[in-house]
Amino acid sequence: MTALLEVRSLGIRFGGLQAVDSFHCRLNQGEIGGIIGPNGAGKTTIFNMLTGIYPPTAGEIFFRGENLVGRPIHGFTEHGIARTFQNIRLFKELSALDNIKIARHMKVKYGFFPGLFRTEAVSRRENELEEECLSILERLSLAQYARHKASGLPYGVQRRLEIARALATSPELLLLDEPAAGMNPQEVDQLSKTILWIRDEFKVTILLIEHHMQLVMGVCDHVTVVSFGKLLAEGKPDEVKVNPVVVEAYLGKGGKF
Ligand SMILES: Nc1ncnc2c1ncn2[C@@H]1O[C@H](COP(=O)(O)OP(=O)(O)OP(=O)(O)O)[C@@H](O)[C@H]1O
Ligand SMILES: [Mg+2]
């Protein structure tokens, strides 16, 4: 079976720093993969390469068997890869609904002239767009915030809105960069359930970066461990958490997940 995502020997160098070296991973449709590792290990940099922000200096990113390396950023979005950011990056002055609309717009193409003259077809399409965006908000229990400015929303709601925004591009692969950052244990627990629900409800494959081991071990089918840019270990969560190399590198001698 062709994997949805197959990354081979991926690497990037920033000046003298080999930020990521020979990273690989493979995800089949519907799976949830996790990337863990200490601060500065290169996790976000991997996402930046998987979304076309940084062109890798080595390796391949096969998506449905097609190598995306060398494509522009929108090429990655059009192929169905969407992400959230470690630090929330919403348009803070816009409403929750407008944040979703902007993302969704990337999927809608009017062509130049119809867009210029606002034909009936364009107005109809805009109404449909609004309905679709409201429906996404509704499915993520965000409908009540549709007309609220993003900056005024509680932190946890902003995080959920970021996920909704990524889903608005109808991705096949959803990349979540530390979705549980700043959350308390109850919120993390709820997020674990939400992630599993999103996978089923939106039929997406998910790759997530997380420091919360409880979440990683609870939702991931497969975990990859990176440290100083290098792949340290990989396997099922239960295998990875007892791997002595991982325990030592990640938690220090005598550490426990
Ligand atoms: N654009 C860049 N130019 C130079 N160095 C960079 C750039 N982006 C990342 N780095 C460096 O690459 C390394 C990996 O950074 P990255 O943000 O990927 O780590 P991370 O694993 O996501 O860490 P954290 O858990 O703290 O988010 C770091 O040393 C960082 O300073
Ligand atoms: Mg990071």
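Residues numbered from 1 in each chain as written. Chains lettered and ligands numbered in written order. Predicted model: local features only at pLDDT ≥ 70, side-chain atom pairs only at ≥ 80, totals over all residues.

Right, let's get into the overall build of the protein chain. Along the protein chain, the regular secondary structure elements total 10 helices and 10 strands. For the protein chain, the C-alpha radius of gyration of 19 Å lies close to 18 Å, the compact-globule estimate for 257 residues. With the principal axes as the frame, the protein chain shows a C-alpha extent of 65 × 40 × 35 Å. Out of the 257 residues in the protein chain, the part that is buried amounts to 37%. Contacts in the protein chain between residues far apart in sequence, at least 24 positions, make up 66% of those at least 6 positions apart. (Helix = DSSP H or I, 4+ residues; strand = E, 2+ residues; numbered from the N terminus. Rg over C-alpha atoms; globule rule 2.2 N^0.38 Å. Buried ≥ 20, exposed ≤ 12 C-beta atoms within 10 Å, placed from the backbone. Contact = placed C-beta atoms within 7 Å.)

Taken together, the residues surrounding ligand 1 are Phe14, Leu17, Ala19, Gly37, Asn39, Gly40, Ala41, Gly42, Lys43, Thr44, Thr45 and Gln86. For the shell around ligand 1, the secondary-structure elements that each account for two or more residues are β2 (17–27) and α1 (43–50). For the shell around ligand 1, the leading source of residues is α1, giving three residues. A class-by-class count of the residues in the shell around ligand 1 yields four nonpolar, seven polar and one charged. (Near = placed C-beta within 6 Å. Nonpolar A, V, L, I, M, F, W, Y, C, P; charged D, E, K, R; others polar.)

Before going further, it helps to spend a moment on the domain arrangement of the protein chain. When cut into domains, the protein chain gives domain 1 (1–80 + 171–257) and domain 2 (91–170). Facing nine residues of domain 1, the contacting portion of domain 2 comprises 10 residues. Considering only residue class, the side of domain 1 that touches domain 2 consists of five nonpolar, two polar and two charged. (Domains from an automatic or database assignment.)

Before going further, it helps to examine the nonpolar core. Ranked by size, the top nonpolar core spans 68 residues in total, and within it Ala96, Ile100, Leu137, Ala164, Leu174 and Val225 carry the most contacts. Counting residues per element, this core draws most heavily on helix α6 (residues 155–167), which supplies five residues. Among the domains, domain 1 (1–80 + 171–257) and domain 2 (91–170) are the pair contributing at least three residues each to this core. The contact partners of Leu137, leaving out residues within four places of it in the chain, are Ala96, Leu97, Ile100, Leu142, Ala143, Ala146 and Ala164. (Core = buried A, V, L, I, M, F, W, Y, C linked by C-beta atoms within 7 Å.)

The phi dihedral of Ser141 falls on the positive side, at around 55°, and the residue is not glycine. Inspection of the secondary structure assignment puts Ser141 in the loop between α5 (120–139) and α6. Given 12 C-beta atoms within a 10 Å radius, Ser141 is considered exposed. Unusually for a residue other than glycine, Ser170 sits at a positive phi of about 50°. Residue placement: Ser170 occurs in the loop between α6 and β7 (173–177). With 16 C-beta atoms packed within 10 Å, Ser170 lands in the partly exposed category.

What follows covers the pairing of strand β8 (residues 205–209). Taking burial as the measure, the five residues of β8 include five buried ones, the bulk of the element. Going residue by residue along β8, you find Thr205, Leu207 and Ile209 tucked away on one face and Ile206 and Leu208 tucked away on the opposite face as well. Two strands pair when backbone bridges link them, and strand β3 (residues 32–36) and β8 are joined in this way by four bridges, in the parallel orientation. Residue Gly33 lies in a different strand from β8, and its bridge partner there is Leu207. Relative to β8, β7 runs parallel, the two sharing five bridges. Within the sheet, the bridge partner assigned to Leu175 lies in β8 and is Leu207. Once the chain exits β7 it traverses helix α7 (residues 185–201) before rejoining the sheet at β8, and the crossover so formed is right-handed. (Pairing = 2+ DSSP bridges. Right-handed = clockwise from strand over helix to strand, strands pointing away.)

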